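# Notes for the structure review
For reference, the chains in residue letters:
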Amino acid sequence: MSDLPGVITSHRYGKDLVRVVRVVRDKTADGNEIHHIIEYTIRALLDGKIETSYTQADNTCVVPTDTVKNTCNFFAKTSPHVLDPSAFALHLGTHFVTRYDHISKCYIDLSSHKWSRISVKGVPHKWSFVRDGNEKQTVSLVIDAADKSDLKAVLTPGLKDLHVLKTSGSAFENFWRDELTTLVAVQDRIFSTSVTATYTIPLPPNLPLSIDNIPLIAKELNFPEIADKVRQDTIEVFATDESASVQATLYNTCQKVLVSCPAVTEISYALPNKHYIPVNLSAFKLDNGLGYEGGAEVFYPAPDPSGWIEATVARKSTLHKL
Ligand SMILES: O=c1[nH]c(=O)c2[nH]c(=O)[nH]c2[nH]1
């Protein structure tokens, strides 16, 4: 035992903010050229028998973070899953824990930036894209390879920075009132938020995680289809729910996703309540609908503060296994 006062209790390291774009040059069924593009920002962290790099300045166990970055670029070129963020993360993470004996845990967090194909006179263009929104698909993956012959993965895809706003169909009433309450109940208000969602997809028990099984896992689960459904459910419930509160709409959205995506065992949302404050125009003898009925037309979009509402809803039938 050393005389030092502290003992290291956790460690991990790797590369953050690895930015990579991959162009896939493909052909359609009738032989025409078609390109696909994906843009990732990746964080890849490693853990394992690396303690001596911290405690004894021993770098022999350190796979350099530069190599971690190179691996992201190498896989962007070689992985058959590069266009599928969840399968790509699985491929990258499985590589790190199988390539290095002393690495027993890997954390991959990535976001995929939005590039949508441009349509010209209704025809999708073969190689032109538009950044039509700030929204990202995300993946968070933890692979535990304490037993190298039985890799355990927790895969949590999601989305973030999906900005939505509705000008009606949102109330907030009957809330707790006390001596510090000034909020006025409203039957009709603007509801706006920037959606962050994360959801858990357990890997199929019949397909143990390995590099070879990733194509089968990706095919069986169809991650892009689930991502599309989650996004669509999110914006549809947002639009159609007669919202009693951000909390209630969040919960209804979770339930909709659990119905439409059987592979999802739990889903979490974090929703800032971005306040739009009706401007008082009474000095100009203008009624801007400041009362309970709402109907205001001129608002101040308050940059801060915002409410912050989050929750996780788990599928009942899988709860006992969590
Ligand atoms: O939907 C809402 N939930 C709240 O918890 C809350 N609190 C608040 O001031 N306004 C709102 N709106």
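Residues numbered from 1 in each chain as written. Predicted model: local features only at pLDDT ≥ 70, side-chain atom pairs only at ≥ 80, totals over all residues. Heavy atoms only, no water.

Per an unreviewed UniProt entry, the recorded name for the protein chain is Uricase, and the organism is Apiotrichum porosum. The Catalytic activity (unreviewed entry) comment attached to the protein chain in UniProt states, word for word, "urate + O2 + H2O = 5-hydroxyisourate + H2O2". UniProt, in its Pathway (unreviewed entry) section for the protein chain, records the words "Purine metabolism; urate degradation; (S)-allantoin from urate: step 1/3." (UniProt positions renumbered as here; feature names shortened; annotations may be inferred.)

### Focus on the nonpolar core
The tendency in soluble globular proteins is for nonpolar side chains to be buried side by side. Counting 67 residues, the largest nonpolar core has Ile42, Phe96, Ile108, Phe223, Val230, Ile267 and Tyr269 as the members making the most contacts within it. No other element matches helix 3 (residues 85-99), which puts seven residues into this core. For this core, the domains that each give at least three residues are domain 1 (1-150) and domain 2 (158-321). If we skip the residues at most four places from it in the chain, phenylalanine 96 touches Ala44, Leu46, Val68, Thr71, Ile103, Cys106 and Ile108. (Core = buried A, V, L, I, M, F, W, Y, C linked by side-chain atoms within 4.5 Å. Buried < 20%, exposed > 50% of the residue type's maximum accessible area, 1.4 Å probe, protein only. Helix = DSSP H or I, 4+ residues; strand = E, 2+ residues; numbered from the N terminus. Domains from an automatic or database assignment. Contact = heavy atoms within 4.5 Å.)

### Brief notes about the sheet that holds strand 9 (residues 266-273)
As summarised here, the arrangement of the eight strands in space is 1-2-3-6-7-8-9-12, forming an open sheet in which the pairing is antiparallel. Lying at the two open borders of the sheet, with one neighbouring strand each, are strand 1 (13-27) and strand 12 (307-314). Here the average twist between neighbouring strands, direction ignored, is 20°. With nine bridges connecting them, strand 3 (residues 103-113) and strand 6 (residues 136-144) associate as antiparallel partners. Bridge pairing in strand 6 links lysine 105 to aspartate 144. (Pairing = 2+ DSSP bridges. Axes fitted to C-alpha atoms, helices over the stretch in contact; angles between N-to-C directions.)

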